[in-house]
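Chain by chain, the residues run as shown.
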Amino acid sequence: MKFVSLLCATVAAGCLMAATAATAQEPIVIKFSHVVAPETPKGKGAEKFKQLAEQRTAGKVKVEVYPNSQLYKDKEELEALQLGAVQMLAPSLAKFGPLGAKEFEIFDLPYIFPCKAALVKVTTGTIGKQLFQKLENKGITGLAYWDNGFKIMSANKPLHTTADFKGLKMRIQSSKVLDAQMRALGALPQVMAFSEVYQALQTGVVDGTENPPSNMYTQKMHEVQSHATLSDHGYLGYAVIVNKKFWDGLPADVRTELDGAMKEATEYANNIAQEENDKALEAMKAAGKTKFYELTKDERASWRQAMLPVHEDMASRVGKELLASIKTETDAAKCE
């Protein structure tokens, strides 16, 4: 009986060891959720990260990408990340304001970046790192800034002068700065999830919105907007973030490989952003459903004059010192 008991114990121990080994071999799963289409710069960047992460870790990590709000809408995804329901997101920078990191709304200020070079000085320098540090106590680690370029305005009427905005219901992200921007133009800002914008435009719930061309095109907004103005008035960028507890708990070698994959994916995503927006703009023009308008020099100056007071109005919210630091950086940038 003792031999039988010992044999059973040995077999059980062997089964346990085999199960443990099998478990140890299972890949670490990273659910990467975002709200835009796979064909956008962010969508392509997420797929590039998946490819590189799985390749560099030799299968130790599996990245599952969920685009187009398949898992969560704008308002839900940050909470899901903090709870650990997903591990990685790439929300627009405006999303951190409602979370308590109001400083990120500085990216929403109209005409804050005179050119791409000025933007890069901010996101890749000390300011970008300091902003990410403000997310740590919220259970979030910032990994990278991804670009999607400058925005255009669209509506079902021409938008040539600031007077054309009067009374229009314009969809915005949840951002006090964007709210102030639209009000400065005489429009009525409407906060709405990105996934709901097409239907809202189609049914007239809102009259117009602002987006980089790639987002406008991939969400088919050009099919329900008769006019668009190439204003380049504001910037739309993203922060790739992870659940801090998950990230800190990764084996050091895995985290190093993922850092490298993210760096390469970031370079890729930021390099294709302008190209994707140019392609989207040409595709929308070819579709012929939206008339695109280029502001004259005087009209652009008028738009800028109308919106620049938002900087002063929002200075106390986003931080006066931060605003001054960004101005110093952008003034030093070599804009063509």
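Along each chain, residues carry numbers from 1 onward, in the same order as the chain's sequence is written. Only residues with pLDDT of 70 or above have their local features reported here, since the model is predicted, and side-chain atom pairs are shown and tallied only from 80 upward, although totals for entire chains, interfaces and linings are computed over all residues. The side-chain numbers reported here are obtained from all heavy atoms of the structure, hydrogens and water having been left aside.

**Examining the state of the cysteines**
Convention followed: Sulfur atoms of two cysteines make up a disulfide when they are within 2.5 Å. Strands are runs of DSSP state E lasting at least 2 residues, helices are runs of H or I lasting at least 4, and numbering of each runs from the N terminus.
By the definition in use, this model includes one disulfide. Through a disulfide, Cys-115 is tied to Cys-335; the S-S separation comes to 1.9 Å. For the disulfide bridge between Cys-115 and Cys-335, the dihedral angle about the S-S bond is near -70°, and by the sign convention the bridge is left-handed. Here the residue Cys-115 occupies a position in the loop between β3 (88–89) and α4 (116–123), and Cys-335 occupies one in the segment after α13 (320–332), the gap between them amounting to 220 residues.

**Quick look at the pattern of salt bridges**
The criterion, for reference: Salt bridges are counted wherever a side-chain nitrogen of Lys or Arg sits within 4 Å of a carboxyl oxygen of Asp or Glu. Summary of the burial criterion: residues with accessible area below 20% of their type's maximum are buried, those above 50% are exposed, and those between are partly exposed, where the area comes from a 1.4 Å probe applied to protein chains only.
Using the criterion set out here, one finds 19 salt bridges in the structure. In this structure, Asp-74 and Lys-95 form a salt bridge, with 3.8 Å as the shortest nitrogen-oxygen distance. Within this pair, whereas Asp-74 is found in helix α3 (residues 74–83), its partner Lys-95 is found in the loop between β3 and α4, the two being separated by 21 residues in sequence. The salt bridge involving Glu-294 is made with Arg-300; its shortest N-O contact spans 3.6 Å. On the basis of relative accessibility, which here comes to 25%, the residue Arg-300 falls in the partly exposed class.

**Considering the packing of helix α2 (residues 41–56) against helix α10 (residues 252–287)**
Selection criterion: An axis is simply a line fitted to the C-alpha atoms; with a helix, the fit covers only the stretch in contact. Between two such axes, the angle follows the N-to-C directions and lies from 0 to 180 degrees. These descriptions rest on fixed angle ranges, namely under 35 degrees for roughly parallel, over 145 for roughly antiparallel, 65 to 115 for roughly perpendicular, and the rest for oblique. Two helices that cross are described as forming a left-handed crossing if the nearer one is turned anticlockwise from the farther one by less than a right angle, and a right-handed crossing if clockwise. Only heavy atoms enter the contact rule, under which two residues are in contact if any of them lie within 4.5 Å. Polar here means any residue outside two lists: the nonpolar Ala, Val, Leu, Ile, Met, Phe, Trp, Tyr, Cys and Pro, and the charged Asp, Glu, Lys and Arg; Gly therefore counts as polar.
Where α2 meets α10, the closest approach of the two axes is 8 Å, and the angle between their N-to-C directions is 155°. Looking at the two axes, α2 sits roughly antiparallel to α10. Seen from above, α2 lies across α10 with right-handed handedness. Contact residues: Pro-41, Lys-44, Gly-45, Lys-48, Phe-49, Leu-52, Ala-53 and Arg-56 in α2; Glu-257, Leu-258, Gly-260, Ala-261, Met-262, Glu-264, Ala-265, Tyr-268, Ala-269, Ile-272, Ala-273 and Glu-276 in α10. Counted by class, the contact of α2 with α10 contains twelve nonpolar, two polar and six charged residues.

**Some words on the sheet that holds strand β4 (residues 140–150)**
Here is the rule: Pairing between two strands is assigned when DSSP locates at least 2 bridges connecting them.
An order of β2-β1-β3-β10-β4 is seen for the five strands of this open sheet, with the pairing classed as mixed. Each edge of the sheet is formed by a strand with only one pairing partner; in this case those strands are β2 (61–66) and β4. The strands touched by helix α5 (residues 126–133) are β4 and β10 (235–243); relative to β4, the strand with the most contacts, the crossing angle is about 130°.

**A look at the environment of Thr-124**
Rules: Any N or O atom pair separated by 3.5 Å or less is treated as a polar contact, with the protein-specific requirement of one donor-capable and one acceptor-capable atom, and with residues adjacent in sequence counted only for side-chain atom pairs.
Within the secondary structure, Thr-124 is located in the loop between α4 and α5. C-alpha separation for the pair Thr-124 and Lys-289, spaced 165 residues apart in sequence, amounts to 38 Å. A polar contact of 2.5 Å, which involves the side chain of Thr-124, links it to the backbone oxygen of Val-120.

**Looking at the nonpolar core**
One recurring pattern in soluble globular proteins: nonpolar side chains tend to sit buried together. Rules: In these notes, a set of buried Ala, Val, Leu, Ile, Met, Phe, Trp, Tyr and Cys residues joined through side-chain atoms within 4.5 Å is what counts as a nonpolar core.
In this structure, Phe-32, Phe-49, Val-63, Met-88, Trp-146, Val-240 and Leu-258 are the most contacted members of the largest nonpolar core, which totals 43 residues. When residues of this core are traced back to their parent elements, those giving at least two are β1 (28–33), α2, β2, β4, α7 (197–203), β10, α9 (244–248) and α10. Looking at this core, the element that brings in the most residues is α10, giving eight residues. Once residues within four sequence positions are removed from consideration, Met-88 is found in contact with Ile-30, Lys-31, Phe-32, Ser-33, Phe-49, Leu-81, Leu-143, Val-240, Ile-241, Val-242 and Met-262. One finds Val-86, Phe-96, Phe-104 and Phe-113 within the second-largest nonpolar core, a separate group that totals 34 residues.

The quantities given are spatial measurements derived from coordinates; they are silent on function.
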